[in-house]
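# Fold and contact review
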Amino acid sequence: EGGQLPGPKVSDYIAGLRASKPGVTLISPPPHHDIYSIEDLAQLVHDLHAINEAAGVSVKLVSSIGIGTVACGVAKADADVIQISGGDGG
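Notes on the structure in this doc start here. Within every chain, residues take consecutive numbers counted from 1 along the sequence as written. Totals for whole chains, interfaces and linings use every residue, but because this is a predicted model, local features are given only for residues with pLDDT of at least 70 and side-chain atom pairs only at 80 or more, for both listing and counting. Neither water nor hydrogens contribute to the side-chain values; these are computed over all heavy atoms in the structure.

## Remarks on the pairing of strand 4 (residues 81-85)
Inspection of the sheet shows strand 3 (residues 58-62) paired to strand 4 by five bridges, in the parallel sense. Each bridged residue has a counterpart across the sheet, and for Val-59 the counterpart in strand 4 is Ile-82. Viewed with both strands pointing away, a crossover whose connecting path from the first strand over the helix to the second turns clockwise is right-handed. Each helix is a run of H or I in the DSSP string that is no shorter than four residues. Each strand is a run of E no shorter than two, and both are numbered from the N terminus. Note on the crossover from strand 3 through helix 3 (residues 67-76) to strand 4: the handedness is right-handed. The criterion for strand pairing is that DSSP finds at least two bridges linking the strands in question.

Dropping the structure here:
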C-alpha cells in the first residue's frame with residue numbers, strides 16, 4: 001500500500017515484466033493511464049481473461065466514498081479477486 005516496490009524485491013522476473021532492471025525501486029502498482037471508467041476496467045479484465053484463460057484476474061481498489069459502486073462494476077466485469085485496501089496509505 002506504500003505505492004512502491006522496493007528495489008530488493010525486484011527480481012529478474014519482475015524486472016522483465018515491468019521493463020526495468022533488477023534491484024531498481026518501482027512504483028507499485030504500475031499506473032494504467034488507459035483506464036478512465038468502469039467500462040475501461042471491464043475491457044481490461046476481459047482482455048486479460050482472453051490472453052490466459054487459466055490465470056486469475058485480481059483488481060485492487062482503494063477504499064473511498066462510492067467504492068461499492070465501483071466494486072460491483074468490477075464484479076460484473078468477472079474479476080476473480082477484488083481487494084479493497086485502506087485509503088490512508090498505511
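## Here we look at unusual backbone geometry
At Ala-19, a residue that is not glycine, the phi angle is positive and equals roughly 55°. Along the polypeptide, Ala-19 turns up in the loop between helix 1 (12-17) and strand 2 (26-27). Looking at Ala-19, the relative accessible area reads 74%, which means it is exposed. In this structure, Asp-78 is a non-glycine residue whose phi angle is positive, near 75°. Mapped onto the elements, Asp-78 comes out in the loop between helix 3 and strand 4. Buried means the residue's accessible area, taken with a 1.4 Å probe over protein chains only, is under 20% of the maximum for its type, while exposed means over 50%, and partly exposed covers the values in between.

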